[in-house]
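# Survey of secondary and tertiary structure
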Amino acid sequence: MFLRFALIAVVLLVAVLALGYVGGLLTPQRLTAQRLVNQLQANAGVFPGYRRNHAKGVCVAGYFDSNGQAQPYSAAEVFAAGRTPVVGRFAVPGGNPYAPDSSVPIRSMALRFTQANGQQWRTGMNSMPVFPVATPQAFFEQLQAQQPDPSTHKPNPAKLGAFFAAHPETAAFLAWVKTAKPSASYATESYWSLNAFEFVDANGERHAVRWRMVSEASDAAIGSSDPDYLDADLAQRLAQNPQRWRLIVTLANPGDPTNDATKAWPADRREIDAGTLVLTSTEPQESGECRDINYDPTVLPHGIEISDDPLLPARSAAYATSYLRRTSEEAHLPGTAAAANKPEAK
């Protein structure tokens with residue numbers, strides 16, 4: 001009997017230690033999702049019920065029309081010729097849901113494809129061709145360097161300069177951002193996956209890929225002094241016509257980096273036009289279907305898998321932490337009791 005209780009005690013102790021390690025309690029200097037999200041909050045503040053990054057956004061819905069051209073490379077049902085429903089979200093980077101749309105030059109597109117077999121493909125993309133850093137630790141250090149100084153309420157230029165000097169891999173992003181300007185429309189932007197993934201075909205062969213959504217909008221948006229002009233522009237466009245993007249999949253050559261989102265692949269890589277994303281409607285994020293979706297990019301159907309990019313598991317963990325925080329806060333916000341009981345969209 002004593003040995004039995006001793007064994008139970010050992011099992012419980014191991015479980016507690018494991019939880020402590022995962023949560024960072026036993027190794028406080030280890031980078032965890034909690035520390036990442038805490039730093040996002042330190043930079044932007046806490047806005048209960050909102051995402052800790054890309055807090056300002058709008059829900060959209062529509063479908064993806066596959067032309068079947070990607071099917072030889074991936075067994076995912078979404079690439080078979082036909083239509084797959086989509087629930088998405090456009091957003092502006094940052095944790096402040098009240099920031100002006102012109103505050104940053106980057107836009108984001110998140111999508112959830114729901115296949116007929118129930119499997120889902122979730123993806124979060126940004127309107128830039130490369131990411132600033134290649135690892136979660138470097139991203140955390142970048143956030144630390146960007147934390148506003150209490151006296152000026154702006155990042156300390158010396159800290160930012162020191163960070164970029166210590167991280168030469170940011171050069172490609174810095175070159176892009178020097179010429180980037182805040183666009184006046186979500187619809188005129190193209191969006192990159194940034195991270196690499198792997199398509200797995202029906203024979204089990206793997207193909208390293210990246211993708212991007214290329215806008216078909218031909219007319220340039222007109223700027224506005226309204227701090228929330230992006231939502232208004234999108235609603236106006238959708239009231240007139242559905243908005244379309246081409247899904248372009250890029251296949252890597254042997255030796256192309258799949259674990260470094262700061263490095264673009266050469267322009268001569270083979271590309272596949274996999275079909276058309278068609279968005280037909282928009283709703284406010286407070287009441288739209290996208291509100292309860294965690295756009296975790298590691299939620300993938302059979303036929304798509306993550307690569308060795310270290311940013312992907314870090315994104316997944318941070319998204320989950322953000323989701324748990326904002327949904328627990330919604331239960332305490334005025335007028336959201338019913339919303340708090342709404343089941344999570346898997």
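What this report covers is the structure whose coordinates are included nearby. All values derive from a computational prediction rather than experimental measurement.

Before going further, it helps to spend a moment on the pattern of salt bridges. For the structure shown, the criterion picks out 15 salt bridges. The shortest N-O distance in the salt bridge between Glu305 and Arg206 comes to 2.1 Å. Here Glu305, found in strand β10 (residues 304-306), pairs with Arg206, found in strand β7 (residues 206-215); they are 99 residues apart in sequence, far enough to count as distant. Of the residues examined, Glu305 reaches a relative accessible area of 33% and is grouped as partly exposed. Using a relative accessible area of 45% as the deciding quantity, one classes Arg206 as partly exposed. In this structure, Arg269 and Asp268 form a salt bridge, with 2.7 Å as the shortest nitrogen-oxygen distance. Beyond isolated ion pairs, a larger network of salt bridges with shared partners links Lys56, Asp101 and Asp228.

Aromatic ring pairs are reported here in terms of the distance separating the ring centres and the angle at which the planes meet. What the rule picks out here adds up to 15 aromatic pairs. Measuring from ring centre to ring centre gives 5.9 Å for Phe90 and Tyr191, while their planes differ by 45°; the resulting arrangement is tilted. A residue pair is termed long-range when its members are at least 10 positions apart, and Phe90 in strand β2 (residues 82-92) and Tyr191 in strand β5 (residues 191-192) qualify at 101 residues. Using a relative accessible area of 0% as the deciding quantity, one classes Phe90 as buried. Measuring from ring centre to ring centre gives 6.3 Å for Phe199 and Trp211, while their planes differ by 20°; the resulting arrangement is stacked.

Next up on the list: the nonpolar core. Grouped burial of nonpolar side chains is what soluble globular proteins tend to show. One finds Phe79, Phe90, Met109, Trp211, Met213, Trp245 and Leu247 to be the most contacted residues of the largest nonpolar core, which totals 39 residues. With residues near it in sequence (within four places) discarded, Trp211 still touches Trp121, Thr123, Met125, Tyr191, Trp192, Ser193, Phe197, Phe199, Leu247, Ile248 and Val249.

About the cut-offs
Residues numbered from 1 in each chain as written. Predicted model: local features only at pLDDT ≥ 70, side-chain atom pairs only at ≥ 80, totals over all residues. Heavy atoms only, no water. Salt bridge = Lys/Arg side-chain N within 4 Å of Asp/Glu carboxyl O. Helix = DSSP H or I, 4+ residues; strand = E, 2+ residues; numbered from the N terminus. Buried < 20%, exposed > 50% of the residue type's maximum accessible area, 1.4 Å probe, protein only. Phe/Tyr/Trp six-rings, centres within 6.5 Å; stacked < 30°, edge-to-face > 60°. Core = buried A, V, L, I, M, F, W, Y, C linked by side-chain atoms within 4.5 Å. Contact = heavy atoms within 4.5 Å.

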